[in-house]
Amino acid sequence: MLGRFFALFRGRGMIIKGTGKLPEGEARKVDIGDVVAGGTQVVLCRVGGKLYALDAVCPHEQGRIAPGPLLEGKFAMCPLHNYKFDPTNGASVNARCRSARTYRIVEKDGDAEIWA
């Protein structure tokens, strides 16, 4: 865990291979590190041709934001209470819920680097 913390200051993220294959309007879950040992699970979403990353844990009641097609092609959803989140900024949509945590992600040559 400290390694991930210090990597933020060194300017290095984690590489996720094959993100260029994620179609528009889709979400995919990925593990960053060992989730059982303190890693993070994120949901990658492609909206407007750009890749965004949300924490997979819903801020409402710790449900899981679902992979698969995005609602209306642009919203990630937690199926526990059908809450929608805007992947571009993590904001909840039409729900009284905190925003989902977002992560910095940069896509290049079909792969992505994420700081989680």
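In the block above lies the structure referred to throughout.
Note that this is a predicted model, so its numbers are computed, not measured.

> For the overall build of the chain, give the residues involved together with the corresponding values.
The secondary structure content of the chain amounts to one helix and ten strands. Moving toward the C terminus, one meets the helices and strands of the chain in the order α-β-β-β-β-β-β-β-β-β-β. When each of the 116 residues of the chain is scored for burial, the buried share is 40%. Intrachain contacts of the chain at a sequence separation of at least 6 include 42% that bridge at least 24 residues. A total of about 6,700 Å² of accessible surface is found on the chain, and carbon and sulfur atoms cover 53% of it.

> Talk me through the sheet that holds strand S4 (residues 50–55); I want residue IDs and the actual numbers.
The strands making up a sheet associate through hydrogen bonds between their backbones, and the pairing can be parallel or antiparallel. Spatial ordering of the open sheet is given by S1-S10-S9-S4-S3-S2-S5, a layout of seven strands whose pairing is antiparallel. Edge positions in the sheet fall to strand S1 (14–16) and strand S5 (68–69), since each of these pairs with one other strand and no more. Two strands pair when backbone bridges link them, and strand S2 (residues 26–32) and S5 are joined in this way by two bridges, in the antiparallel orientation. By the bridge assignment for S5, glutamate 26 is matched with proline 69.

> Quick rundown of the side chain of aspartate 86? Include the residues and the values.
One can find aspartate 86 in the loop between strand S7 (83–85) and strand S8 (92–93). We note that aspartate 86 is buried and unpaired, the nearest opposite charge coming from lysine 74 at a distance of 7.9 Å. A polar contact is formed between the side chain of aspartate 86 and the side chain of threonine 88, at a distance of 2.7 Å. Setting aside residues up to four positions removed in sequence, aspartate 86 forms contacts with Leu54, Phe75, Ala91 and Val93.

> Could you give an account of the pairing of strand S10 (residues 111–115), naming the residues involved and the relevant values?
Note: S1 against S10, three bridges, orientation antiparallel. Paired with methionine 14 across the two strands is isoleucine 114, which belongs to S10. Here strand S9 (residues 102–108) pairs with S10 via five bridges, running antiparallel. Considered in S10, the bridge of glutamate 107 is made with alanine 112. Between S9 and S10, which pair antiparallel one after the other, the connecting turn spans two residues, and aspartate 109 there sits at a positive phi close to 55°.

> A description of the side chain of serine 92 should follow, citing residues and the corresponding values.
Here serine 92 lies in strand S8. Among the polar contacts made by the side chain of serine 92, one reaches the main-chain carbonyl oxygen of cysteine 97 at a distance of 2.8 Å. Setting aside anything within four residues of it in sequence, one finds serine 92 in contact with Lys84, Phe85, Cys97, Arg98 and Ser99.

Parameters at a glance
Residues numbered from 1 in each chain as written. Predicted model: local features only at pLDDT ≥ 70, side-chain atom pairs only at ≥ 80, totals over all residues. Heavy atoms only, no water. Helix = DSSP H or I, 4+ residues; strand = E, 2+ residues; numbered from the N terminus. Buried < 20%, exposed > 50% of the residue type's maximum accessible area, 1.4 Å probe, protein only. Contact = heavy atoms within 4.5 Å. Areas by Shrake-Rupley, 256 points an atom, 1.4 Å probe, with all protein chains shown as cover. Pairing = 2+ DSSP bridges. Lys, Arg positive; Asp, Glu negative; His and termini not counted. Salt bridge = Lys/Arg side-chain N within 4 Å of Asp/Glu carboxyl O. Polar contact = N/O pair within 3.5 Å; in protein donor to acceptor, adjacent residues only side chain to side chain.

Any link to function would need more than the numbers given here.
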